[in-house]
Amino acid sequence: MKRIAIGPKNGLYPSLTTIVGAEPDDKPNWITIAHVGIMNHATGAVPQYLSIGLNRSHYTNKGIHEHGEFSINIPSVKMMQVTDYVGLVSGATTDKSELFPIARGTLKHAPMIADVPLSMECKLVQAITLGHHEIFIGEVVETFVDESCLTDGKPDLEKIDPLLFDFMKIDYWSLGQRVGLPWREGKTYKTDNK
Ligand SMILES: Cc1cc2nc3c(=O)[nH]c(=O)nc-3n(C[C@H](O)[C@H](O)[C@H](O)COP(=O)(O)O)c2cc1C
């Protein structure tokens, strides 16, 4: 195998394509965000923290700063066109507030998309400026799932059919298939590879 150095590129793809909701100037606005992160594994009373990375130039940032709240919505592959549109135009110049039916949870300024498979309403915990970007870390306050996307009470990726993003070749992808069980497959590694 010949390994080629391609420069200090981000190789963490695919990532999820999400639509983040916030209320700059008290009006719902939506932004497509693929740079999302899982900050911890929440157990018991420990809150679940997630991060989103937004360029400082985006209009949505204003709403997150104004209210300290936002939502993260997971569109399915069949919502690819509108998801892409949301990432092409800015709420600063184009009204995106009526693109989706809106659902509300417990937070006042974290509009969610009523017809996506899964939405999370988040309370801003920390905002970090990193070069041209702001990293917003949010605590998940509540998660809502379309009941047709649940199996045995748990969100089912096959039913959610999330839209994946690749910024290396610049493509959208859909999921492949389930291949194994985490924390199980490795148990026989040593005996199988003597
Ligand atoms: C697939 C896709 C993924 C994107 N991911 C991000 C991202 O992670 N961070 C970011 O700052 N902008 C991202 N963008 C760009 C913003 O969604 C886009 O500039 C948007 O129009 C800004 O909206 P706003 O000004 O209304 O906030 C992405 C766009 C697309 C199409």
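By the naming in an unreviewed UniProt entry, the chain is NADH-FMN oxidoreductase RutF, flavin reductase (DIM6/NTAB) family, taken from Desulfopila aestuarii DSM 18488. UniProt annotates the chain under Cofactor (unreviewed entry) with the comment "FMN".

A.B. asks: Explain the environment of Lys9 to me, and be specific about the residues and the numbers.
C.D. replies: Tracing the chain through its elements places Lys9 in the segment before β1 (15–16). What makes Lys9 exposed here is its relative accessible area of 60%. The spatial distance from the C-alpha of Lys9 to the C-alpha of Glu142 is 34 Å, given a sequence separation of 133 residues.

A.B. asks: Hey, could you go over the environment of Pro182 for me, with residue numbers and the actual values?
C.D. replies: Looking at the element boundaries, Pro182 is found in the loop between β14 (171–173) and α4 (189–192). Here the alpha-carbon distance between Pro182 and Gly91, two residues 91 residues apart in the chain, equals 41 Å.

A.B. asks: Explain the sheet that holds strand β3 (residues 29–33) to me, using residue names and the numbers behind them.
C.D. replies: Taken together, seven strands build an open sheet; the order of strands is β3-β2-β6-β9-β10-β5-β4 and the sheet is antiparallel. Here the strands that pair on one side only, and so sit at the sheet edges, are β3 and β4 (36–38). Across the sheet, the axes of successive neighbouring strands diverge by a mean angle of 35°, strand direction being ignored. When strand β2 (residues 18–22) meets strand β6 (residues 69–74), the two strands line up antiparallel, connected through three bridges. Bridged to Val20 within β6 is Ile72.

A.B. asks: Tell me what's going on with the state of the cysteines, and back it up with residues and numbers.
C.D. replies: This model, assessed by the stated rule, comprises zero disulfides. We note that Cys122 lacks a disulfide partner, and the nearest cysteine sulfur, in Cys149, lies 19 Å from it. The buried category is assigned to Cys122, whose relative accessible area is 0%. With a relative accessible area of 5%, Cys149 lands in the buried category.

A.B. asks: Describe the UniProt feature "domain: Flavin reductase like" (unreviewed entry) in the chain, naming the residues involved and giving the relevant values.
C.D. replies: Per the UniProt record, "domain: Flavin reductase like" (unreviewed entry) is annotated on residues 10–152. A distance of 36 Å separates the end C-alpha atoms of residues 10–152, which is 10% helix and 42% strand.

A.B. asks: For helix α1 (residues 60–67), give the residues involved together with the corresponding values.
C.D. replies: Taken together, the buried positions of α1 are occupied by Thr60, Asn61, Gly63 and Ile64. Seen from one end, α1 has its buried residues packed into an arc of 160°, which puts them on one side. Where α1 is buried, its residues touch β2, β3, β5 (49–55), β6, β9 (118–130) and β10 (133–145). A positive backbone phi angle near 65° is found at Gly68, which sits one or two residues after α1.

A.B. asks: So what's going on with the layout of surface pockets? Residues and values would help.
C.D. replies: For the largest pocket, the calculated volume is near 790 Å³. As for the largest pocket, its lining consists of 22 residues, of which Leu16, Ile38, Leu50, Leu118 and Met120 are closest to the centre. Top contributing element to the lining of the largest pocket by residue count: β4, with three residues. Split into classes, the residues belonging to the lining of the largest pocket amount to 14 nonpolar, eight polar and no charged. Around the second largest pocket, the lining is made up of 30 residues, and of these Thr32, Ile33, Ala34, His58 and Gly87 lie nearest the centre.

A.B. asks: Lay out the nonpolar core with the relevant residues and their values.
C.D. replies: If you look at soluble globular proteins, the nonpolar side chains tend to sit buried side by side. Judged by nonpolar contacts, the single largest core of 18 residues is most densely connected at Val20, Ile52, Leu54, Ile64, Phe70, Ile72 and Met120. Looking at this core, the elements with two or more residues in it are β2, β3, β5, β6, β9 and β10. When neighbours within four sequence positions are excluded, Ile52 is seen to be in contact with Val20, Ile33, His35, Val36, Ile64, Phe70, Ile72, Glu134, Ile135 and Phe136. The next biggest cluster of nonpolar side chains, apart from the first, holds seven residues, and it includes Trp30, Met79, Phe100 and Ile113.

Reading the values: rules and limits
Residues numbered from 1 in each chain as written. Predicted model: local features only at pLDDT ≥ 70, side-chain atom pairs only at ≥ 80, totals over all residues. Heavy atoms only, no water. UniProt positions renumbered as here; feature names shortened; annotations may be inferred. Helix = DSSP H or I, 4+ residues; strand = E, 2+ residues; numbered from the N terminus. Buried < 20%, exposed > 50% of the residue type's maximum accessible area, 1.4 Å probe, protein only. Pairing = 2+ DSSP bridges. Axes fitted to C-alpha atoms, helices over the stretch in contact; angles between N-to-C directions. Disulfide = S-S within 2.5 Å. Arc of directions from axis to C-beta. Contact = heavy atoms within 4.5 Å. 1 Å grid on protein atoms, 1.4 Å probe; cavity = no way out; pocket = protein on both sides within 12 Å on 5 of 7 lines; lining within 4 Å. Points joined across faces, edges and corners; volume = space filled by probe spheres on them. Nonpolar A, V, L, I, M, F, W, Y, C, P; charged D, E, K, R; others polar. Core = buried A, V, L, I, M, F, W, Y, C linked by side-chain atoms within 4.5 Å.

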